Structures are given as C-alpha cells and as structure tokens.
Amino acid sequence: QVQLVESGGGLVQAGGSLRLSCAASGRTFSNNAMAWFRQGPGKERELVAAISWRGRNTYYADSVKGRFTISRDNAKNMVYLQMNSLKPEDTAIYYCAANSGRYYHTKDDNYDYWGQGTQVTVSS
C-alpha cells in the first residue's frame, strides 16, 4: 500500500519556524517530483513548493519565496519543507504529494498520491 505521511505541523508564533516531513512507503518516489500544497480556512488548495526527482529544480509560490525551503532525501524516501519567518497567513493544512513524472507541475491534478495532511497554525 502506497502511503505519504506528513509530520511536523503544530502551533507556532509569528516569526517562528517549523520543519515538515513527508515519509513515503509502499514504493520508491526517487523518480517522481514531489510537492507541498496547502489549504487554508475558506481557501482553495494551492501549491507551496515543488522539487524535481533529483532535487535540481525547485518551485516556490511567491508568498513563500525566501522563507520556505523544500528538499528531499531519496535514499530515505523523504521530503521536507523548512518553514521560517512564519506568518499568520501561512496557517493551513499542509499536504505532501507525489507527481506522476520526474518534473513538477503546478496543477494539483498532476499529482497521483497525497498524504492526509498536517495542520500548521501560526498565531499573531
């Protein structure tokens, strides 16, 4: 059974940091692009960051550029999202997703596997 399991969410004050982790099991995703999406209260799901299969190419939403860093460890089948200088508007459920190919896409319908999500709440 293929699973993506996120962890690392929680409650943090504005300006603080969190590191999200995504553990993949059931198959290797070393040949797949990976991404983090988020869905805030009353908002549509949006792409936050994405990374190509070997980690050489990354994408960030304008709202998180310079604050968030996506990375991966293919040997461990893990993907990470380091979030610094967090703002209340970053409050959302964060989802890990695996793309069907090696290079990322910005639309969520290109992602075949999804985790259950982890809640991130940033207080002001």
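Residues numbered from 1 in each chain as written. Predicted model: local features only at pLDDT ≥ 70, side-chain atom pairs only at ≥ 80, totals over all residues. Heavy atoms only, no water.

Here's the deal with the state of the cysteines
- All chains considered together, the criterion is met by one disulfide.
- With its sulfur 2.1 Å from that of its partner, C22 forms a disulfide with C96. In this structure the cystine formed by C22 and C96 twists about its S-S bond by roughly -75°; its chirality is therefore left-handed. Highlighted residues: C22 in strand β3 (residues 18-25) and C96 in strand β9 (residues 92-99), separated in sequence by 74 residues. Here the two residues C22 and C96 agree in accessibility, since each one is buried. (Disulfide = S-S within 2.5 Å. Helix = DSSP H or I, 4+ residues; strand = E, 2+ residues; numbered from the N terminus. Buried < 20%, exposed > 50% of the residue type's maximum accessible area, 1.4 Å probe, protein only.)

What about the nonpolar core?
- W36, L81, M83 and Y94 are the most contacted members of the largest nonpolar core, which totals 27 residues.
- Elements with a minimum of two residues in this core: β3, β4 (34-39), β5 (46-51), β7 (68-73), β8 (78-83), β9 and β11 (118-123).
- M83 has contacts with G16, S17, L18, L20, R67, F68, Y94 and V120, leaving out every residue within four places of it along the chain.
- Counting residues in each nonpolar core, the second largest holds six residues, with A35, F37, L47 and A97 among its members. (Core = buried A, V, L, I, M, F, W, Y, C linked by side-chain atoms within 4.5 Å. Contact = heavy atoms within 4.5 Å.)

Quick word on the side chain of T118
- Here T118 lies in strand β11.
- For T118, a relative accessible area of 12% puts it in the buried group.
- At 3.3 Å, the side chain of T118 and the backbone nitrogen of G9 are in polar contact.
- Residues in contact with T118, not counting those within four places in the same chain, are E6, S7, G8, G9, L20, A92, I93 and Y94. (Polar contact = N/O pair within 3.5 Å; in protein donor to acceptor, adjacent residues only side chain to side chain.)

Side note on the pattern of salt bridges
- Counted by the stated rule, this structure contains five salt bridges.
- One salt bridge connects D90 with R38, and the closest N-O pair in it is separated by 2.9 Å. Highlighted residues: D90 in the loop between β8 and β9 and R38 in strand β4, separated in sequence by 52 residues. Take D90 and R38: they sit in the same class, and that class is buried.
- Linking R45 and D108 is a salt bridge whose minimum nitrogen-to-oxygen distance equals 3.1 Å. Here D108 lies in the loop between β9 and β10 (111-114) and R45 lies in the loop between β4 and β5, a separation of 63 residues in the sequence.
- On the basis of relative accessible area, R45 is assigned to the partly exposed category, the value being 34%.
- Taking the relative accessible area as the measure of exposure, D108 reaches 29% and is therefore partly exposed.
- If you follow the salt bridges from partner to partner, you end up with R38, E46, R67 and D90 in one network. (Salt bridge = Lys/Arg side-chain N within 4 Å of Asp/Glu carboxyl O.)

Concerning the sheet that holds β7
- The four strands lie next to each other as β1-β3-β8-β7, forming an open sheet whose pairing is antiparallel. The strands lining the two open edges of the sheet, one partner per strand, are β1 (3-7) and β7. Averaged over all pairs of adjacent strands, the angle between their axes in this sheet comes to 15°, without regard to strand direction.
- With six bridges joining them, β7 and β8 adopt antiparallel strand pairing. From the neighbouring strand, D73 faces β8, where its bridge partner is M78. (Pairing = 2+ DSSP bridges. Axes fitted to C-alpha atoms, helices over the stretch in contact; angles between N-to-C directions.)

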